[in-house]
Structure formats: C-alpha cells, structure tokens
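Residues per chain, in single letters:
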Amino acid sequence: MSRVVEVWQVDAFTTRPFAGNPAGVVLDAKGLTDEQMQKIAAEMNVAETAFVTPATRPGHDLRLRWFTPSGKEITFCGHATVATGHLLAETGRLSQDRVVFDTLGGTLPVGVAATTERVVIWLEPALPTCAPYPEALGPVLDALRVSAEGMGSWARPALTGERDLLIPAAGIGVLKALAPDMTRLARLGEERRIRGFCLTAREAIDPDSLIHSRFFAPHYGIPEDPVTGSVHAAIPVWLWEAGVLKAEQGVARFQAEQGDFLGRPGRLQVELHVADGRPARVRVGGQAVTVLSGTIRVE
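Residues numbered from 1 in each chain as written. Predicted model: local features only at pLDDT ≥ 70, side-chain atom pairs only at ≥ 80, totals over all residues. Heavy atoms only, no water.

Mapping Glu 224 onto the fold places it in strand E14 (residues 222-225). Here Glu 224 falls in the buried class, since its relative accessible area comes to 16%. Only 2.8 Å separates the side chain of Glu 224 from the side chain of Arg 214, close enough to count as a polar contact. With near-sequence residues (within four places) excluded, Glu 224 lies in contact with Arg 214, Phe 215, Phe 216 and Leu 262. (Helix = DSSP H or I, 4+ residues; strand = E, 2+ residues; numbered from the N terminus. Buried < 20%, exposed > 50% of the residue type's maximum accessible area, 1.4 Å probe, protein only. Polar contact = N/O pair within 3.5 Å; in protein donor to acceptor, adjacent residues only side chain to side chain. Contact = heavy atoms within 4.5 Å.)

Put into structure tokens, the structure is as follows:
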C-alpha cells in the first residue's frame, strides 16, 4: 500500500523566496521507515530534509531527524531546523515560544521570537568545540584549489565537534574564485571523516556583516551548501579563540553571510555568550519563507 505525506520546501536564513538555503520538511513523519525518509530526501533533492515525529524521551517536545539526498542521516542541521521551526509557527502547531527537539546529535532547544513583522528562529545547540586540525592541510588545499597565499593567517585551521574543517581565507576574493575538485574533496572527506569543508573570510558583501563563508560536502551529496546553520554555531567559538571577536557586556553579536556566490544570499544572526573570558553559549538565528507545499506518495 502507499501513503500520501504532506511535504513543504522552506528557504531558510532569508526573507525572500529563492534565496538562502532550501530545506524539505515533513511535519508528520510518524510511521515512516528510515528507507522511506531516505527516499523522500532523495526526491526532494535539497541539502537536507527534516522529519518530525512525536518525542519518545522525557523533556523533549518532538523528535527531529535530517537526511541528505544521498541517504545519510546527520547529527545536526541548522537551516532545516530553522525551516522546521518556521513552519511549525506558520501552521499554528506551536503553543509556546520554545520547542525542544530530540535529535541524533542530542537535545536541541529552538526559540521562536515573533513580532508583528517577522519571526526569527533561534538555534540553541550545546556549546561547540574547535580543535587544531592535526592532519596535513596540503591535500585539502589542493582539492579546494586554494594556494598557500589564499589561506588567511588570522586563525588556525580547526576541526569542530561535528567534524567540519574550518579554514581561514585571506579575503573574500579567494572565496569568490573557489572552484574545488569535488571528486578529490569527496574522497578526502570520506578518508578523513570530515563532514564538510568551510572557508571563511573576515570580509563581507553587506556592510552589516562580519564574515562570509562557503561550505562544501560533496561526499554527502551536497557539492556546496548555500547556507550552513550548524557550522555557524562553531564559527564564533573559533573566532573568539583566534582573538578576532570581541564581546560587549558578555555577548558578541554579528551577522554572517553565505550563499551569495551561488545566487542564494543568506544571512545569519550569531551570538556568542562569554563567561569568565570563555565561550559559554551560542545562538544562531534566522528567518525563513515557505515556497512550496504539497504531497508526496511513498510505498
């Protein structure tokens, strides 16, 4: 027998359609098998599709899972969570301004800040970690086709807890010119167990933005991700440890950019809360817009 499932597509980290990062969302995934979720994610063919089911653990409101087009389940996806929070609010399925998701990566609280003019979804993950990258960077730079001069000296390459490799770029011109060898990059990602390769410049397109980034994960079926919410939870910790981020009254706030060179500009609001001179909490916020709704048939 077949089942008809409601599905949406939501553009996250933007206020207008066809910008930011598109995510698939299934708000009622109860009863779907892993294989069915994987097939829906492949059919949606966006970076990630989110699936919401009832929570099974105390202290959580809902369970949230994310699958890539290649069928891989991931532990944390920022833009698809923003899309899910936006859609829950838009469809009137939230009774409060906060929802706690049970995810493969652990508990993920999400705040919903709504005014008459806009709704901002705030991701509140556990404090990310950044460690110096221990392996040779040469093969990575070769696969990215970045010269040694193209790598910035303002921070050290670092590996996040999600196993994203953060690489400082010398400037936004380096990011604009990127043309990675996706086959080699995918092979390195698999061999070194790197989830994604993120290059960040301390230059931006908008005067209100502090940084601009590009993110590649070809081995996950995502040659380039337009806007990556999860990596922006770790970036402020990385910036702080590099000494290039300052806090006022215990909080460093800034806007980050991604997606412009794909024709899908995205903007993220980032907060790093500091206590006793050390990172203590992060929040990543953004808006979203629903662009597609319909049904999909699964066997």
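On to empty space enclosed by the protein, then. What the rule picks out here adds up to one cavity of 30 Å³ or more. The space that makes up the largest cavity amounts to roughly 120 Å³. Every element with two or more residues in the lining of the largest cavity is listed here: helix H2 (78-90), strand E13 (209-217) and E14. (1 Å grid on protein atoms, 1.4 Å probe; cavity = no way out; pocket = protein on both sides within 12 Å on 5 of 7 lines; lining within 4 Å. Points joined across faces, edges and corners; volume = space filled by probe spheres on them.)

Our next topic: the nonpolar core. What tends to happen in soluble globular proteins is that the nonpolar side chains get buried as a cluster. The biggest cluster of nonpolar side chains holds 58 residues, and the ones touching the most others in it are Trp 66 and Leu 272. Per-element accounting of this core gives the leading share, eight residues, to helix H6 (residues 231-241). Dropping the residues within four chain positions of it, Leu 272 is found in contact with Pro 236, Val 237, Trp 240, Leu 245, Gly 250, Val 251, Ala 252, Pro 279, Arg 281 and Val 282. Judged by nonpolar contacts, the second largest core, of 20 residues, contains Tyr 133, Val 146, Leu 185 and Phe 197. (Core = buried A, V, L, I, M, F, W, Y, C linked by side-chain atoms within 4.5 Å.)

Per the stated rule, a full pass over the model turns up 18 salt bridges. Between Lys 39 and Glu 35 there is a salt bridge, and its shortest N-O distance comes to 3.4 Å. Of this pair, Lys 39 and Glu 35 both sit in helix H1 (residues 34-44), four residues apart, which is roughly one turn of that helix. Residue classification places Lys 39 among the exposed positions, given a relative accessible area of 53%. One salt bridge in this structure joins Arg 267 and Glu 257, with 3.8 Å as the shortest N-O distance. Of this pair, Arg 267 sits in strand E16 (residues 266-275) while Glu 257 is found in strand E15 (residues 251-258), placing the two residues ten residues apart along the sequence. Pair check on accessibility: Arg 267 and Glu 257 agree, each one buried. Linked by salt bridges that have partners in common, Arg 98, Glu 124, Arg 253, Glu 271, Arg 281 and Arg 283 make up one network. (Salt bridge = Lys/Arg side-chain N within 4 Å of Asp/Glu carboxyl O.)

Here the focus is H1. Those residues of H1 that sit buried are Gln 36, Met 37, Ile 40, Ala 41 and Met 44. All buried residues of H1 fall inside an arc of 135° around its axis, so they share one side. What points out from H1, more than 90 degrees from its buried face, is the exposed set Lys 39 and Glu 43. The secondary structure elements touched by the buried residues of H1 are strand E1 (3-12), strand E2 (21-26), strand E3 (49-54), strand E4 (62-67) and strand E18 (288-298). After H1 finishes, the residue Asn 45 shows a positive phi value of roughly 55°. (Arc of directions from axis to C-beta.)

To continue, consider H6. In an α-helix, one turn spans 3.6 residues, which is why side chains three or four residues apart end up on the same side. The buried fraction of H6 is high, at ten of eleven residues. For H6, the set of buried residues is Val 231, His 232, Ala 233, Ala 234, Ile 235, Pro 236, Val 237, Trp 238, Leu 239 and Trp 240. Immediately beyond the C-terminal end of H6, within one or two residues, lies Gly 243, with a positive phi of roughly 80°.

What the rule picks out here adds up to three aromatic pairs. Aromatic side chains Trp 154 and Trp 238 sit 5.2 Å apart centroid to centroid with 50° between the ring planes, which places their arrangement in the tilted category. On the criterion of sequence distance, the pair formed by Trp 154 in the loop between helix H3 (138-144) and strand E10 (158-160) and Trp 238 in helix H6 is long-range, its members being 84 residues apart. Take Trp 154 and Trp 238: they sit in the same class, and that class is buried. Lying over the aromatic face of Tyr 220, Lys 72 brings its terminal NZ or CZ to 4.5 Å of the ring centre. Sitting above the plane of the Trp 122 ring, Arg 283 keeps its charged end 4.0 Å from the centroid. (Phe/Tyr/Trp six-rings, centres within 6.5 Å; stacked < 30°, edge-to-face > 60°. Lys NZ or Arg CZ within 6 Å of the ring centre and 35° of its normal.)

The next subject is the pairing of strand E11 (residues 164-169). Most of E11 sits out of view: six of its six residues are buried. Judged from the two bridges that link them, E10 and E11 form a sheet pairing that is antiparallel. The residue bridging Ala 158 from the neighbouring strand is Leu 166, located in E11. Between E10 and E11, which pair antiparallel in sequence order, lie three residues; one of them, Arg 163, sits at a positive phi of approximately 65°. Relative to strand E12 (residues 196-201), E11 is paired through six bridges, and the arrangement is parallel. By the bridge assignment, Ile 167 is partnered in E12 with Leu 199. (Pairing = 2+ DSSP bridges.)

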